[in-house]
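Observations on the model geometry
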Amino acid sequence: LVELVILSIKTVTEANWVRLAAAITKHGQARHLKTLQASGHAIGNSSAKALGAAIHESSKSAPWLLVAIGDNEMGVNGGIEDFVHGLSPGDNLQLAALDLSFKGLSSSSLCSILHLASIGQFLETLNLSRNPGCMKDLDKDDSNTKIFPFVEELDLSANELASNQAKFLLER
């Protein structure tokens, strides 16, 4: 199994997420899994963190191509922060594309994503589309940290982006 797509008409429980995370990390049962598309499904914070950690651990042996998980409240409930914390890119995270479109991203969840994208050379494609409001504090960062320094494709469509925020993105 290389790609797992869970359609939105299916139900994914917290127990399913926990089992998936365990299968990815335990004894390489799902070591060939490199694409996970389960967008539209709610995921609890602890499950998001466990899944992030499982993806991080398994990416040490082979890169992940795409991860798209969560529903439109994942960013509001802290699930994004927990998922990113689980990914903890400190050593050898290999994840080519992350799709977080329509996840209800907040300013704090955007900060977690910015941190993740700024310290790893792995993330080539990042989809943050359809998250209105997440960019509202973007230009408040006065550090000179590069934003998305390694991202080659960034989707911010259908977000509220003021001209000063767009200028901030271009300059960083």
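Residues numbered from 1 in each chain as written. Predicted model: local features only at pLDDT ≥ 70, side-chain atom pairs only at ≥ 80, totals over all residues. Heavy atoms only, no water.

Where helix H1 (residues 14–25) meets helix H2 (residues 45–58), the axes come as close as 8 Å, and the angle between the chain directions of the two elements is 15°. Comparing the axis directions of H1 and H2 gives the class roughly parallel. Relative to H2, the crossing made by H1 is left-handed. Contacts between H1 and H2 involve Glu14, Trp17, Val18, Leu20, Ala21, Ile24 and Thr25 from the former and Ser47, Ala50, Leu51, Ala54, Ile55, Glu57 and Ser58 from the latter. (Axes fitted to C-alpha atoms, helices over the stretch in contact; angles between N-to-C directions. Helix = DSSP H or I, 4+ residues; strand = E, 2+ residues; numbered from the N terminus. Parallel < 35°, antiparallel > 145°, perpendicular 65-115°, else oblique. Left-handed = near helix turned anticlockwise from the far one by under 90°. Contact = heavy atoms within 4.5 Å.)

Turning next to the side chain of Ser58. One can find Ser58 in helix H2. At 3.3 Å, the side chain of Ser58 and the backbone oxygen of Ile55 are in polar contact. Aside from chain neighbours lying at most four places away, what touches Ser58 is Ile24, Lys34 and Trp64. (Polar contact = N/O pair within 3.5 Å; in protein donor to acceptor, adjacent residues only side chain to side chain.)

Another aspect to go through is the pattern of salt bridges. Evaluation of the coordinates by the stated rule reveals one salt bridge. Measuring nitrogen to oxygen at the nearest pair gives 3.3 Å for the salt bridge that ties Glu57 to Lys60. Of the residues examined, Glu57 reaches a relative accessible area of 42% and is grouped as partly exposed. (Salt bridge = Lys/Arg side-chain N within 4 Å of Asp/Glu carboxyl O. Buried < 20%, exposed > 50% of the residue type's maximum accessible area, 1.4 Å probe, protein only.)

For a regular strand, the rule is simple: side chains alternate between the two faces of the sheet. Counting buried residues in strand S4 (residues 95–99) gives four out of five residues, a clear majority hidden from the surface. Note: strand S3 (residues 64–70) against S4, four bridges, orientation parallel. Considered in S4, the bridge of Leu66 is made with Ala97. Pairing analysis gives three bridges linking S4 to strand S5 (residues 125–127), with the strands arranged parallel. In the strand pairing of S5, Leu98 is matched with Leu126. (Pairing = 2+ DSSP bridges.)

Counted at 1.5 Å a residue, the expected span for H1 with its 12 residues is 16 Å, and the 17 Å between its end C-alpha atoms agrees. Buried residues belonging to H1 abut strand S1 (3–5), strand S2 (35–39), H2 and S3. (Expected span 1.5 Å × (residues − 1).)

Here we take up the sheet that holds S3. Taking strand neighbours across the sheet as the criterion, the six strands line up as S1-S2-S3-S4-S5-S6 in an open arrangement whose pairing is parallel. Of all the strands in the sheet, just S1 and strand S6 (153–155) have a single pairing partner and so form its edges. Across the sheet, the mean angle separating the axes of adjacent strands is 10° when strand polarity is ignored.

Secondary-structure assignment places Ala21 in helix H1. Sequence spacing of Ala21 and His32 is 11 residues, and the spatial spacing of their C-alpha atoms is 13 Å. Once residues lying within four places of it in the same chain are set aside, the contact partners of Ala21 are Ala50, Leu51 and Ala54.

So, on to helix H4 (residues 107–119). The end-to-end C-alpha distance of H4, which contains 13 residues, comes to 19 Å, matching closely the 18 Å that a straight helix rising 1.5 Å per residue would cover. Turning to H4, its buried residues are Ser107, Ser109, Leu110, Ser112, Ile113, Leu114, Leu116, Ala117 and Ser118. Summarising the contacts, the buried residues of H4 are in contact with helix H3 (79–87), S4 and S5.

Relative to S2, S1 is paired through three bridges, and the arrangement is parallel. Within the sheet, the bridge partner assigned to Leu4 lies in S2 and is Leu36. Sheet topology places S2 next to S3; five bridges connect them, and they run parallel. Opposite Ala38, over in S3, you have Ile69 as the bridge partner. Note on the crossover from S2 through H2 to S3: the handedness is right-handed. (Right-handed = clockwise from strand over helix to strand, strands pointing away.)

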